[in-house]
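These are the residues of each chain, in order.
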Amino acid sequence: MEEVLLLGLKDKEGYTSFWNDCISSGLRGCIIVELGLRGRIELEACGMRRKSLLNRKLIFKSDSPTGDVLLDEALKHIKETQPAETVQSWIEYLSGETWNPLKLRYQLRNVRERLAKSLVEKGVCTTEKQNFLLFDMTTHPLVDSQQKQKLVKRVQESVLNRWTNDVSRMDRRMLGLLFLAHSSDVLENAFAPLNDDDYDVAMKRTRTLLEIEPDQEATKAYIKGGDEVLWAVVAAFTK
């Protein structure tokens, strides 16, 4: 979650692009993926009719605390909701993008600000106030550029030096980061510093990932519960 936001934050200005309306839902997707990878939630069984990922309900598995306030808040909502809902629905509910007034209580508020505060506590960013003609805004300029450079380097290497054509061999969190950074419209920020040749390779391999059919990938032997949740989130953003 923090990594997606860090890729989106402007280093000196300390805020995400005003034109980026994707990052809100992308961050909620990150929350669901992380809960799945930590074994707190899973998809219901696909059944004899082989339901698609987007039609399968997201079900609570364990309420063991994660140690992360945002994750635990989302997990509490999922646990208390009956009947269960789909991954697509939960992304909308947690983002507050639903027409159902009864579901608005599930919205996770101030997610960007809370993640930015965490980055401040870790010494990656600082907090400032900026005046924009009509309003004041809290911003979080970068103070530890090395941390962001390390993140950008890891993202670049995942599609360059460490690239594998076998997606089952990719680190699950890096795979999720690539998909959700793209869905949040911030992946380009990691590739922008590359030379032209490496940039073309990185974009080509990213397109290769985006062309994967999530429902087909989710049926493969290596898939575990958390992987199914990851591919369901990918399906929600790519279909």
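The shown structure was predicted, so the numbers you read here are calculated from the model rather than taken from an experiment. Residue indices begin from 1 for each chain and proceed along its sequence in written order. Thresholds applied to this predicted model are a pLDDT of at least 70 for local features of residues and 80 or more for the giving and counting of side-chain atom pairs; totals over whole chains, interfaces and linings are not thresholded and use all residues. As a rule here, side-chain values come from all non-hydrogen atoms in the structure, and water together with hydrogens is ignored.

Undergrad: For this particular structure, what's the right way to read the environment of Asp63?
TA: Helix and strand assignments come from DSSP, with helices taken as H or I runs of at least 4 residues and strands as E runs of at least 2, each series counted from the N terminus. Within the secondary structure, Asp63 sits in the loop between β2 (57-60) and α3 (69-80). On the accessibility criterion, Asp63 (44% relative accessible area) is partly exposed. Linking Asp63 and Ile78, residues 15 residues apart in sequence, is a C-alpha distance of 10.0 Å. Among all residues touching Asp63, those that are not within four sequence positions of it are Leu75 and Lys79. Exposure is judged per residue with a 1.4 Å probe applied to protein chains only, and the accessible area is read against the type maximum: over 50% gives exposed, under 20% gives buried, and values in between give partly exposed. Note on contacts: a residue pair qualifies if any of its non-hydrogen atoms lie within 4.5 Å across the two residues.

Undergrad: Looking at this structure, how should I read a negative patch on the surface?
TA: Put simply, a patch holds well-exposed residues, over 30% relative accessible area, that have no salt bridge, with like charges counted together within 9 Å and Val, Leu, Ile, Met, Phe, Trp or Tyr side chains within 5 Å. Note that accessible areas follow from Shrake-Rupley with a 1.4 Å probe, and for residues the cover is restricted to the protein chains shown. Salt bridge criterion: a side-chain nitrogen from Lys or Arg within 4 Å of a carboxyl oxygen from Asp or Glu. None of His or the chain ends enter the tally, which takes Lys and Arg as positive and Asp and Glu as negative. Charge coordinates come from a single atom per side chain, which is NZ of Lys, CZ of Arg, CG of Asp or CD of Glu. A cluster of acidic residues, Asp21, Glu92, Glu97, Asp185 and Glu188, forms a negative patch at the surface. Examined against the element boundaries, Glu97 turns out to sit in the loop between α4 (87-95) and α5 (111-121).

Undergrad: Explain the state of the cysteines to me, please; I cannot follow it from the model alone.
TA: Disulfides are covalent bonds that connect the sulfur atoms of two cysteines. To count as a disulfide, a pair of cysteine sulfur atoms needs to be within 2.5 Å. Enumeration according to the criterion identifies 0 disulfides in this entry. Cys30 forms no disulfide, and the closest cysteine sulfur to it belongs to Cys22, at a distance of 13 Å. Given the relative accessible area of 9%, Cys30 is considered buried.

Undergrad: Sorry if this is basic, but what is going on with the side chain of Glu44 here?
TA: In this structure, Glu44 sits in the loop between β1 (41-43) and β2. Of the residues examined, Glu44 reaches a relative accessible area of 18% and is grouped as buried.

Undergrad: Is there a simple way to think about the packing of aromatic side chains in this case?
TA: Two aromatic rings are characterised by how far apart their centres lie and by the angle between their planes. Note on aromatic contacts: the rings of Phe and Tyr and the six-membered ring of Trp form a pair at centre separations within 6.5 Å, being stacked when their planes are under 30 degrees apart, edge-to-face when over 60 apart, and tilted otherwise. Applying the stated criterion across every chain yields a total of 4 aromatic pairs. Judged by centre distance (5.1 Å) and plane angle (55 degrees), the rings of Trp90 and Tyr106 are tilted. Of the two residues, Trp90 sits in helix α4 while Tyr106 sits in the loop between α4 and α5, which places them 16 residues apart along the sequence. Aromatic side chains Phe179 and Trp231 sit 5.6 Å apart centroid to centroid with 70 degrees between the ring planes, which places their arrangement in the edge-to-face category. Taken together, the positions of Phe179 in helix α7 (residues 172-183) and Trp231 in helix α11 (residues 225-238) put the pair 52 residues apart, joining distant regions of the chain. Judged by its relative accessible area of 5%, Phe179 is buried. By relative accessible area, which is 0% here, Trp231 ends up buried.

Undergrad: Please explain the sheet that holds strand β3 (residues 85-86) as it appears in this structure.
TA: As a general point, the strands of a sheet are linked pairwise by backbone hydrogen bonds and lie either parallel or antiparallel. Should DSSP find at least two bridges between two strands, the strands are regarded as paired. Sheet architecture is open: 3 strands sit in the order β1-β2-β3, paired in antiparallel fashion. Edge positions in the open sheet fall to β1 and β3, since each of these has one partner strand only. Where β1 lies against β2, 3 bridges are found, and the strand directions are antiparallel. Within the sheet, the bridge partner assigned to Glu42 lies in β2 and is Ile59. The angle between two axes is taken between their N-to-C directions and runs from 0 to 180 degrees, where each axis is a line fitted to C-alpha atoms and a helix contributes only its stretch in contact. The strands that α3 touches are β1 and β2; relative to β2, the one it contacts most, it runs at about 105 degrees.

Undergrad: Would you explain the packing of α4 against α11 in this entry?
TA: Helix-helix packing is characterised by the crossing angle of the two axes and by the distance between the axes. Two elements in contact, α4 and α11, have axes whose closest approach is 9 Å; the angle formed by their N-to-C orientations is 70 degrees. Taken together, the axes of α4 and α11 lie roughly perpendicular to each other. Contacts from Val87, Gln88 and Ile91 of α4 reach α11 at Ala232, Val233, Ala236 and Phe237. Charged residues are taken to be Asp, Glu, Lys and Arg, nonpolar residues to be Ala, Val, Leu, Ile, Met, Phe, Trp, Tyr, Cys and Pro, and polar residues to be all remaining types, Gly included. In terms of residue class, the contact of α4 with α11 is built from 6 nonpolar, 1 polar and no charged. For classification, angles of less than 35 degrees are called roughly parallel, those exceeding 145 degrees roughly antiparallel, those between 65 and 115 degrees roughly perpendicular, and all remaining angles oblique.

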